[in-house]
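The residues making up each chain are set out below.
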Amino acid sequence: MDKDLIPEGVKRCPFPVFALWVLIILAVIGWGVYAGIIILWKGLNVTGLNNVFGFGLWITADLGVIALGAGAFFSGFLFYGLSRWFKSLKEIKKIINLAVIIGFICYTGAMLVLALDIGQPIRGWFGYWHANVHSMLTEVIFCITCYCMVLIIEYIPIILENRKLDQIKVLHHFGHNLHEIMIVFALTGTFLSFFHQGSLGGMWGVLFARPFAYRTGFLIWPWTFFLFISSAIAAGPAFTALICKLLETITNKKLVDDSVYELIAKLEGWLLAIYITLKIADTLYWAFKTVPSFGLKISKFYHDPYGFWLLVLELGICGILPAILLVVPKLRQNNFILFGALFLDCVGVVVNRFVFTVQTLSIPVLPFEKFRVYIPTWQEWAPTIAMIAYGMLIISLSYRYLPVFPRERELNPAD
Amino acid sequence: MSKKEHEKSSVRYGMVIDLDKCTGCMACAVACQEENNISFLKDDSIKTRSINWMRIYKLENGKKYPEHRHVILPRPCMHCDSPHHSPCTFVCPVNATQRDEETGIVNQVYPRCIGCRYCMAACPYYARNFNWWDPTWPKDMVEMLNPDVSTRMRGVVEKCTFCSHRLLKAKDKARVNGENPKGIEYTPACVEACPTGAIVFGNLHDPESEVAKLSKDKRAFRLLEKLKTEPKVYYLSSHEWVRKQGDNDLK
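Nothing here was measured: the structure is a model prediction, and the numbers come from that model. (Residues numbered from 1 in each chain as written. Chains lettered and ligands numbered in written order. Predicted model: local features only at pLDDT ≥ 70, side-chain atom pairs only at ≥ 80, totals over all residues.)

Caption draft 1: Spatial organisation of the overall build of chain B. Looking only at helices and strands, one finds 7 helices and 10 strands in chain B. Since a compact globule built from 251 residues should have a radius of gyration of about 18 Å, the 18 Å found for chain B is in line with a globular shape. Seen through its C-alpha atoms, chain B measures out along the principal axes to roughly 50 × 45 × 40 Å. Counting all 251 residues of chain B, 45% fall into the buried class. (Helix = DSSP H or I, 4+ residues; strand = E, 2+ residues; numbered from the N terminus. Rg over C-alpha atoms; globule rule 2.2 N^0.38 Å. Buried ≥ 20, exposed ≤ 12 C-beta atoms within 10 Å, placed from the backbone.)

Caption draft 2: Just the overall build of chain A, in detail. Helices and strands together make up the secondary structure of chain A, namely 16 helices and 2 strands. With the C-alpha coordinates aligned to their principal axes, the bounding extent of chain A is approximately 70 × 55 × 35 Å. Out of the 415 residues in chain A, the part that is buried amounts to 49%.

Caption draft 3: Looking closely at helix 4 (residues 164-176) of chain B. The terminal C-alpha atoms of helix 4 of chain B lie 18 Å apart, and with 13 residues this matches the ideal 18 Å at 1.5 Å per residue to within 8%. Where helix 4 of chain B terminates, the next one or two residues include Gly178 of chain B, which has phi positive at roughly 75°. (Expected span 1.5 Å × (residues − 1).)

Caption draft 4: Highlighting the sheet that holds strand 9 (residues 220-221) of chain B. Residues and elements named next belong to chain B. If you walk across this open sheet you meet the 4 strands as 8-1-10-9, and the pairing is mixed. At either end of the open sheet lies a strand with only one pairing partner, and these are strand 8 (199-203) and strand 9. Of the strand pairs in this sheet, strand 1 (residues 13-18) and strand 8 are connected by 5 bridges, and their pairing is antiparallel. The residue of strand 8 that forms the bridge with Met15 is Phe201. (Pairing = 2+ DSSP bridges.)

Caption draft 5: Just the interface of chain A and chain B, in detail. The interface is formed by 39 residues belonging to chain A together with 45 residues belonging to chain B. Going through the elements one at a time, helix 5 (126-129) and helix 6 (136-160) of chain A are the ones with two or more residues in the side of chain A that touches chain B. Per element, the largest residue contribution to the side of chain A that touches chain B is 3 residues, and it comes from helix 6 of chain A. Class assignment for the residues of the side of chain A that touches chain B results in 20 nonpolar, 15 polar and 4 charged. (Contact = placed C-beta atoms within 7 Å. Nonpolar A, V, L, I, M, F, W, Y, C, P; charged D, E, K, R; others polar.)

Caption draft 6: Region of interest: the pairing of strand 1 of chain B. Burial analysis of strand 1 of chain B places 6 of its 6 residues in the buried class, which makes it a mostly covered element. Judged by which residues are buried, strand 1 of chain B turns out to be covered on both faces: Tyr13, Met15 and Ile17 of chain B on one side and Gly14, Val16 and Asp18 of chain B on the other are all buried.

Caption draft 7: Molecular detail of the packing of helix 2 (residues 57-68) of chain A against helix 15 (residues 378-401) of chain A. Residue and element names in this part refer to chain A. For the pair helix 2 and helix 15, the least separation of the axes is 10 Å and the interaxial angle reads 15°. Classified by the interaxial angle, the pair formed by helix 2 and helix 15 is roughly parallel. Here helix 2 and helix 15 pass one another in a crossing that is right-handed. Here Leu57, Trp58 and Ala61 of helix 2 come into contact with helix 15, specifically with Glu380, Thr384 and Met387. Tallied by class, the residues present in the contact of helix 2 with helix 15 amount to 4 nonpolar, 1 polar and 1 charged. (Axes fitted to C-alpha atoms, helices over the stretch in contact; angles between N-to-C directions. Parallel < 35°, antiparallel > 145°, perpendicular 65-115°, else oblique. Left-handed = near helix turned anticlockwise from the far one by under 90°.)

Caption draft 8: Quick look at the confidence of the model for chain B. Per-chain confidence: chain B averages 93 in pLDDT, with 96% of residues scoring 70 or above. The ipTM assigned to the predicted complex is 0.93, against a pTM of 0.94. (pLDDT = per-residue confidence, 0-100.)

Caption draft 9: Representation of the packing of helix 4 (residues 96-117) of chain A against helix 6 of chain A within the structure. Residue and element names in this part refer to chain A. Direction vectors running N to C along helix 4 and helix 6 enclose 140°, while the axes themselves pass 9 Å from each other. When the interaxial angle is binned, helix 4 and helix 6 end up oblique. Regarding helix 4 and helix 6, the two cross each other, and that crossing is left-handed. For the pair helix 4 and helix 6, contact is made by Asn97, Val100, Ile101, Gly103, Phe104, Tyr107, Thr108 and Met111 and by Ile144, Tyr147, Cys148, Leu151, Ile152, Glu154, Tyr155 and Ile158, respectively. Taken together, the residues of the contact of helix 4 with helix 6 sort by class into 12 nonpolar, 3 polar and 1 charged.

Caption draft 10: Inspection of unusual backbone geometry at higher detail. In this chain, Asp304 of chain A is followed by Pro305 of chain A through a cis amide linkage whose omega measures 0°. Of note, Pro305 of chain A is situated in the loop between helix 11 (258-293) and helix 12 (309-327). Residue Pro66 of chain B is reached from Tyr65 of chain B by a cis peptide bond, and omega for that bond is 0°. Here Pro66 of chain B is to be found in the loop between strand 2 (55-60) and strand 3 (70-75).

Structure representation (structure tokens):
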């Protein structure tokens, strides 16, 4: 039924099967939209947020997807910025379309959820009109909205490569011209991403009255600024590779060469190793110098259910372990280990965002206040899960109708 | 963070609360609720959602009878005087909360607040409250709302303002009388309501003022001094165990 829209030389599942799949996704998105309407109509009182937990599931999810969506800018930086000097990075071209699509999903999804999270969504633009130049969140608002626009611009030429759209001359030329200047957008995106990934980390590090989150730093930038950037580049491309592998498993096709996975694994392994070394150094300095200066011990910060196990999970199981597995060539030859390690890498970055958001707020600073636990309501879960479903929808439509993977035809000759 | 200090004036409004005098009657909290048109909830026992600009804490010494002791600690906004910025004013993305360097009062601009709640994350004193619902009052109370204080809408943050509307009125009166409005004396609602005179308010930078003298008392301490937030609310207590609960200490 939609054969004419499917790229040439590749096979896709029958339309009724695809339609059913899309209907299921739309149902989940509908559930999220319903929850969103309730939130906008009745107010944030329907959530599990309160005066102690001003931030919760949504901010954790937003920070998490923005970090995982870093594959878009970093792949662009590697391919458009560095591949002329490091030829092996040209492999990135085979997966870069997917990276851009994932970035687009992550950032647009985050913006949609953020529209629910703030108490006055219509005033969201005040970040531009009444900008506080000292606030990290101002910088985040600026860069995330600008980078979202960059991602839309980067996604457009991929859409215009659809078989039918490409036949329209004006669209063909427009898409072609966008491709020619893609380096400008890629490097602009790198610049914007560097700053907002950093500022998202800076948001916590500057909280000088919250000992758990506060970090010293370099000039106006707390160390969390740099740690968030390095964790994002250590996990973003990993997430792209995982999504690609998932697509391959579902579609039973080979979409990229193994050399792409090998390159990403090696890159992420070393980036993760560097990040985790810096993170451990930062944690030790914070634990033994910064925290005692506030009259505290770090043991005071860990209280069930946000216990010490979170630190072990973040730094050990999802930090040191996958770094070793990915850095050692013999270990990453094994697909199970490779993708398992990439998965742990991604989990680690989400745990890190959770720790800074929810655990920070659970810890009382006043000695006579108490630890609290945050439990999100279904009205919070629904838009979050709907955001994931939205991502699945965009990837499904893109995979079916757009030539996302340049090597697909050669790698699947039976088609 | 930049170490550059904003220029500060000779006026710094602050408060001293004598915990040895406080009986826990909560007249200060009630007066504050009424003066500032604070909204009611259907169930105000949900303390993590209720709006209380003056929150009342009960501190205990942790001992059993007959050594058990407790004190009541009223906690308004500290109007932190930390260099450069207060913890909350530093982080607000839209300048909806700013410290007035003429008076030291940390204000809140309700029509500008986007409700991101970053300031609430930054505040270690839990002094900030979010409007989770549209404001409501018992029917008869609506007619008694204070016309000098704007009501707040759903989705914005609010907190103690040291009754800055009373300061504005006092300044206007001073100008009409040909007096200098700078550093004019005025009385917040909680100070006015306290039956034991436990709360004293004034210009901390005026060495002749009672509040300045009491802030230098040997019983004086501030909450969380080690954080260097420089709160402008001082507490007085002759009990060491109370002063120790004002901050985290390795000892």
